[in-house]
Amino acid sequence: MASSAAGRQELHQCWQFVAAVWLPWLLITHAGLCPDVTNSSKAGSKCQVLPKVCIDQNIYVLYSNQHNPRHELFTQLPQLKLHNITMDYYGYGDIWGTHFQRPSPFVRPATAGEETRELAHPQFSRCTIPLVIYADDLYMYGHFFANTVATIHMMQQDGTLDDRHNLVIDTFGMQLATFHRFILAPFSHYDITTLSYLSSRLPAEKPESYNPDGQHGRCFWQLLACQFSRHSSNVTKTLSSPLWSTGQAIFQHYRDQLLPIDPQYADPSKFRVSICPDCYSLLGAFGSYSKGLI
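Rules used in this analysis
Residues numbered from 1 in each chain as written. Predicted model: local features only at pLDDT ≥ 70, side-chain atom pairs only at ≥ 80, totals over all residues. Heavy atoms only, no water. Disulfide = S-S within 2.5 Å. Helix = DSSP H or I, 4+ residues; strand = E, 2+ residues; numbered from the N terminus. Buried < 20%, exposed > 50% of the residue type's maximum accessible area, 1.4 Å probe, protein only. Contact = heavy atoms within 4.5 Å. pLDDT = per-residue confidence, 0-100. Expected span 1.5 Å × (residues − 1). Bend = angle between axes of the 7 residues up to and from the residue. Pairing = 2+ DSSP bridges. Axes fitted to C-alpha atoms, helices over the stretch in contact; angles between N-to-C directions.

**Notes on the state of the cysteines**
The tally for this structure, following the rule as stated, stands at two disulfides. A sulfur-sulfur distance of 1.9 Å marks the disulfide that ties Cys47 to Cys226. The disulfide joining Cys47 to Cys226 has a torsion of about 110° about its S-S bond and is therefore right-handed. Taken as a pair, Cys47 in strand 1 (residues 47-56) and Cys226 in strand 9 (residues 219-228) lie far apart in primary sequence, 179 residues in all. On the basis of relative accessibility, which here comes to 11%, the residue Cys47 falls in the buried class. On the accessibility criterion, Cys226 (0% relative accessible area) is buried. Residue Cys54 pairs covalently with Cys219 via a disulfide, S to S 2.0 Å. Between Cys54 and Cys219 the sulfur-sulfur dihedral comes to about 110°; the bridge is accordingly right-handed. Here Cys54 is found in strand 1, whereas its partner Cys219 is found in strand 9, with 165 residues between them in sequence. On the basis of relative accessible area, Cys54 is assigned to the buried category, the value being 0%.

Below you can see the structure in the form of structure tokens.
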């Protein structure tokens with residue numbers, strides 16, 4: 001009995017040591033690897049920064065004191081107001097009369113009555129900074145490339161985005177088209193996902209590849225909500241424009257992944273035909289906005 005009690009005491013002392021030494025070290029290390037973002041101010045008028053936010057079934061829940069109407073530091077509750085974001089539908093194409101203006105997302109303060117444990121006791125990630133995309137004409141390839149992808153490329157070039165940003169597309173609950181992942185992959189280290197999936201009430205420990213944390217998470221120290229509309233795009237169709245450089249970046253990304261060409265196929269004296277069963281995305285990536293790439 002005495003030895004059992006001594007063993008329990010030693011175990012208790014061991015845990016005290018872990019709590020006093022190792023846990024603070026892990027927290028400091030984590031904060032050092034994932035410090036607060038300082039470049040989000042460069043996002044400009046297209047993006048709105050939300051601090052200490054959780055996403056629950058497409059709804060933004062804010063936890064900062066200045067966003068809490070019951071706190072003495074309360075200033076105001078920010079709203080995400082979308083302007084000229086036209087929503088179309090998966091598989092419909094450009095059909096007149098089917099488009100509608102995308103309503104603005106709902107934003108609310110956190111309360112004492114949160115339905116899920118994750119929102120009742122949030123653990124805000126510093127390592128993942130979602131960039132939520134509200135895109136004009138989401139399923140029209142040309143518009144999406146010119147207004148959204150080219151702008152994201154520009155944001156990456158000017159340092160607005162870093163390795164902690166993952167790309168999240170609001171699809172109104174519809175699935176992504178093939179070309180979405182294809183043309184956005186060069187601008188993110190992580191898989192492209194949808195807002196519906198990101199904000200779903202899946203277990204927090206579920207392994208995921210769409211963010212730096214490597215698991216499902218809905219609460220963040222910082223989030224960027226960005227709207228990309230053809231009415232506000234400053235992209236021009238010239239060889240020196242972001243459209244051209246964006247196409248070049250996509251082309252370079254996939255060209256670097258190709259295996260070396262077999263010498264027998266590089267023989268200019270022989271005529272060969274290559275059949276590609278599913279080249280829609282590849283052809284689209286170098287379409288009318290990137291002529292002359294190949």
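**Re the side chain of Arg102**
When you line up the elements, Arg102 lands in the loop between strand 4 (100-101) and strand 5 (107-109). Residues within four places of Arg102 in sequence aside, it is in contact with Leu82, Ile85, Met87, Tyr134, Asp170 and Phe172.

**Regarding unusual backbone geometry**
Phi is positive for Lys52, close to 45°, though the residue is something other than glycine. With respect to the element layout, Lys52 can be found in strand 1. Lys52 gets classed as partly exposed once you look at its relative accessible area, which sits at 25%.

**Structural notes on the confidence of the model for the protein**
Regions with low pLDDT carry predicted coordinates that are not meant to be interpreted in detail. Mean pLDDT over the protein: 80, with 73% of residues reaching 70 or higher. Element-level mean pLDDT values for the protein span from 47 in helix 7 (residues 280-285) up to 98 in strand 8 (residues 193-194). The low-confidence segment residues 17-31 (pLDDT under 50) makes five contacts with residues lying over four places distant or belonging to another chain. Taken as a whole, residues 280-294 scores under 50 in pLDDT and shows 35 contacts with residues more than four places along the chain or in a different chain.

**Let's talk about helix 3 (residues 141-157)**
Given 3.6 residues per turn, any residue in an α-helix points the same way as the ones three and four places further on. Here helix 3 contains 17 residues, and its C-alpha end-to-end distance of 22 Å stays within 8% of the 24 Å for a straight helix at 1.5 Å per residue. Helix geometry: helix 3 is bent most strongly at Val149, by close to 25°. Judged by how many residues are buried, helix 3 sits mostly within the fold: twelve of 17 residues are covered. The complete set of buried residues in helix 3 reads Tyr141, Phe144, Phe145, Ala146, Asn147, Thr148, Val149, Ala150, Thr151, Ile152, His153 and Met155. Looking one or two residues past helix 3, Gly159 carries a phi angle of roughly 90°, positive in sign.

**Description of the sheet that holds strand 6 (residues 129-135)**
Spatially, 5-2-1-9-6-7-8 is the arrangement adopted by the seven strands of the open sheet, whose pairing is mixed. The two strands at the open ends of the sheet, each matched to only one other strand, are strand 5 and strand 8. Against the sheet, helix 3 touches strand 1, strand 6, strand 7 (165-169) and strand 9, its axis set at about 135° to strand 9.

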